[in-house]
Amino acid sequence: MSIEKAAQILKRARYPLFLSGAGISAESGIPTFRGKEGLWREHRAEATGGRESRAATMASMRAEDLATPEAFQRDPALVWQWYNWRKRLISEKKPNPAHFAIRDIAHKLPNLLCATQNVDGFHALAGLEGVLEMHGNIFRTRCLGCSDVRENRGEIDPETLCVACNQAALRPDVVWFGEALPQNILHTIYERLHVCDAIIVVGTSGSVYPAAGFAVEVRRREGYVIEINIDETHRPYANDVYIRAKAGEALPQICALI
Ligand code: BV8
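Values in this document were obtained by computation on a predicted structure and should not be read as measured data.

### Some remarks on the packing of aromatic side chains
Move 1: Under the counting rule described, the total for this entry stands at five aromatic pairs.
Move 2: Centroid distance Phe 72 to Trp 80: 6.5 Å. Interplanar angle 75°. Geometry classified as edge-to-face.
Move 3: What makes Phe 72 buried here is its relative accessible area of 11%.
Move 4: Through a chain of ring-to-ring contacts, three or more aromatic side chains come together here, namely Phe 72, Trp 80, Trp 82, Tyr 83 and Trp 176.
Move 5: Sitting over the ring of Trp 82, Arg 86 keeps its end group 4.5 Å from the ring centre.
Move 6: When the ring centre of Phe 139 is taken as reference, the NZ or CZ atom of Arg 153 above it lies at 3.8 Å.

### Observations concerning the nonpolar core
Move 1: Formed by 32 residues in total, the largest nonpolar core has its most connected members in Ile 105, Ile 200, Ile 243, Leu 251 and Ile 254.
Move 2: Elements that contribute at least two residues to this core include exactly helix 1 (2–12), helix 7 (97–108), strand 7 (198–202), strand 8 (224–229), strand 9 (240–244) and helix 11 (247–256).
Move 3: With residues up to four places along the chain from it excluded, the contact list for Ile 243 reads Ser 2, Ile 3, Ala 6, Ile 226, Glu 227, Ile 228, Asn 229, Ala 250 and Ile 254.
Move 4: In this structure, Trp 80, Trp 82, Leu 170 and Val 174 belong to the second largest nonpolar core, which totals 25 residues.

### Things to note about the packing of helix 7 against helix 11
When two helices pack together, their arrangement is given by the angle between the helix axes and the distance between those axes.
Move 1: Viewed as axis vectors pointing N to C, helix 7 and helix 11 meet at an angle of 25°, and their least axial separation amounts to 8 Å. Considering their axes alone, helix 7 and helix 11 lie roughly parallel with respect to each other. Here the hand of the crossing between helix 7 and helix 11 comes out left-handed. Residues Pro 97, Ala 98, Ala 101, Ile 102, Asp 104, Ile 105 and Lys 108 of helix 7 pack against Ala 247, Gly 248, Leu 251, Pro 252, Ile 254, Cys 255 and Ala 256 of helix 11.
Move 2: Across the contact of helix 7 with helix 11, the residue classes tally to 11 nonpolar, one polar and two charged.

### Some remarks on empty space enclosed by the protein
Move 1: As enumerated under the stated definition, the model contains one cavity of 30 Å³ or more in all.
Move 2: If you go around the largest cavity, you meet 12 residues; those closest to its centre are Ile 30, Pro 31, Phe 33, Arg 86 and Asp 120.
Move 3: Considering every element that reaches the lining of the largest cavity, the biggest residue donor is helix 6 (residues 76–91), with three residues.
Move 4: Classifying every residue of the lining of the largest cavity gives eight nonpolar, two polar and two charged.

### With respect to the side chain of Lys 87
Move 1: Summarising the element assignment, Lys 87 is placed in helix 6.
Move 2: The charged side chain of Lys 87 is buried without a salt bridge, its nearest counter-charge being Glu 155 at 7.8 Å.
Move 3: Sequence-distant contacts of Lys 87, defined by excluding residues within four places in its chain, comprise Ile 138, Phe 139, Asn 152, Arg 153, Gly 154 and Ile 156.

### Things to note about unusual backbone geometry
Move 1: Going from Tyr 209 to Pro 210, the amide bond is cis rather than trans, its omega being 5°.
Move 2: With respect to the helices, strands and loops of the structure, Pro 210 is situated in the loop between strand 7 and helix 10 (214–220).
Move 3: The backbone of Ser 147 shows a phi angle near 65°, a positive value even though the residue is not glycine.
Move 4: Although it is not a glycine, Asn 166 adopts a positive phi angle of roughly 55°.
Move 5: When you line up the elements, Asn 166 lands in the loop between strand 5 (149–151) and strand 6 (170–174).

### Considerations on the site of the ligand
Move 1: Surveying the vicinity of the ligand reveals 37 residues, the closest of which are Arg 34, Tyr 83, Arg 86, Thr 204 and Ser 205.
Move 2: Between an oxygen atom of the ligand and a main-chain N or O atom of Ala 22, the distance comes to 2.7 Å.
Move 3: Measuring from an oxygen atom of the ligand, one finds a side-chain N or O atom of Asn 229 at 2.7 Å.
Move 4: Burial of the ligand by the protein chains amounts to 76% of its free accessible area of 1,500 Å².
Move 5: In this structure, the ligand is accommodated by the largest pocket.
Move 6: Tallied by class, the residues present in the shell around the ligand amount to 17 nonpolar, 13 polar and seven charged.
Move 7: There are two domains that each give the shell around the ligand at least three residues, and those are domain 1 (2–29 + 94–135 + 178–257) and domain 2 (44–91).

Calculation notes
Each chain carries its own residue numbering, running from 1 in the direction its sequence is written. At least 70 in pLDDT is required for a residue's local features to be given in this predicted model, at least 80 for side-chain atom pairs to be given and counted, and no such filter applies to totals for whole chains, interfaces and linings, which use all residues. The side-chain numbers reported here are obtained from all heavy atoms of the structure, hydrogens and water having been left aside. Between the rings of Phe, Tyr and Trp (Trp by its six-membered ring), a pair exists once the centres lie within 6.5 Å; its type follows the angle of the planes, with under 30 degrees stacked, over 60 edge-to-face, and the other angles tilted. For every residue, the accessible area (1.4 Å probe, protein chains only) is compared with the maximum for its type, and the residue is labelled buried under 20%, exposed over 50%, or partly exposed between those bounds. To sit over a ring, a charge needs its Lys NZ or Arg CZ within 6 Å of the ring centre and within 35 degrees of the ring normal. As used in this record, nonpolar core signifies buried Ala, Val, Leu, Ile, Met, Phe, Trp, Tyr and Cys residues forming a set joined through side-chain atoms within 4.5 Å. Here a helix means four or more residues in a row that DSSP labels H or I, a strand means two or more in a row labelled E, and each is numbered from the N terminus. Should any heavy atoms of two residues lie within 4.5 Å, those residues are considered in contact. The angle between two axes is taken between their N-to-C directions and runs from 0 to 180 degrees, where each axis is a line fitted to C-alpha atoms and a helix contributes only its stretch in contact. Angle categories: roughly parallel below 35 degrees, roughly antiparallel above 145, roughly perpendicular from 65 to 115, and oblique for all the rest. Left-handed is the label given to a crossing in which the near helix is rotated counterclockwise from the far helix by less than a right angle, and right-handed is the label when the rotation is clockwise. Amino acid classes used here: Ala, Val, Leu, Ile, Met, Phe, Trp, Tyr, Cys and Pro are nonpolar; Asp, Glu, Lys and Arg are charged; the rest, including Gly, are polar. Residues are said to line a cavity or pocket when one of their atoms sits within 4 Å of a point; the points come from a 1 Å grid over protein atoms alone, cavities being sets where a 1.4 Å probe fits but cannot get out and pockets being open sets with protein on both sides within 12 Å along at least five of seven lines. Grid points are joined across faces, edges and corners, and a volume is the space filled by probe spheres set on the points. This count recognises Lys and Arg as positive and Asp and Glu as negative, with His and chain-terminal groups excluded. Note on definitions: salt bridges are taken to be side-chain nitrogens of Lys or Arg within 4 Å of carboxyl oxygens of Asp or Glu. Working definition: residue near molecule or strand if any one of its non-hydrogen atoms lies within 4 Å of it. We define a polar contact as two N or O atoms separated by no more than 3.5 Å, with the added condition that, inside protein, one atom must be a possible hydrogen donor and the other a possible acceptor, whereas residues neighbouring each other in sequence contribute only through side-chain atom pairs. Throughout, the Shrake-Rupley method with a 1.4 Å probe supplies accessible areas, and for residues the shown protein chains are the sole cover considered. Those molecules having more than half of their atoms within 2 Å of a cavity or pocket grid point set are described as sitting in that cavity or pocket. Marked domain ranges trace back to an automatic or database domain assignment.

Encoded structure:
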């Protein structure tokens, strides 16, 4: 019932918006941020190699504590260790049926605007063109001196110098907590939100802003909110279509009906 309703809403929508979170990459084997196997807990076991001091430091921190300019300022080696571990992990995985299904849905619905909170690059890798990577991409680095941004899939540490200016150190080209999202991406999304009549939100706990506010805005304007999640993130609202399922199962079914 909900799958059919979701497909019908998306087919009829004039200005649909798609938003994904870490849950859409869970079936690729990438831990989510806040799930029980959480991105952070996995890291502690794997990356510290049992070195107690590091493990103790990490035990007191969460992803929200590491993905910040302050953490990078305080201990760039620790933050790079976390990102290098995630880059290695993601490089061993691949997009799953959910990524391919939203690519196919976007081909069927040319007006679908797609945004993701994820930094794994899996939507683009699956062929979804023009996806807005709101929080950046873990495989890009940005120079702290000349601001050069480029793809950089290797291991980085605080001593790695920018190849453009050969002077300054690098940071991951992602948006940390407390940092502004790319203005051009935000502008495109807010423009769509002004007219959006249906948003489909897949695999996000809705705990990070401004992304968490998008569905609220669509509801406020009496648009449809379709949510696909394995957990119940909140009480569904009247207009909502809530599909409690894995993204890799629900999205291909919706795609088949569009
Ligand atoms: C900003 C990149 C302003 C780094 C990330 C109100 C308005 C504006 C800001 C704020 C606000 N309130 C608070 C803030 C500050 C802050 C914030 O939101 N804090 C939170 C903790 C309360 N926001 C910010 O700082 C943002 N910046 O607004 O700037 C500004 C303006 C001008 C000048 C200066 C500043 C920046 C936020 C970006 C942070 N960066 N990532 C990195 O990845 O290393 S966020 C990080 O969390 C990831 O991007 C991740 O995607 C994102 C959200 O998490 P989820 O994707 O939802 O993942 P989670 O694990 O939580 O949930 C997974 C879900 O999937 C679960 O529900 C699970 O049930 C489900 N699931 C699991 N498996 C499946 C599944 N579902 C379906 N199928 C499955 N198989």
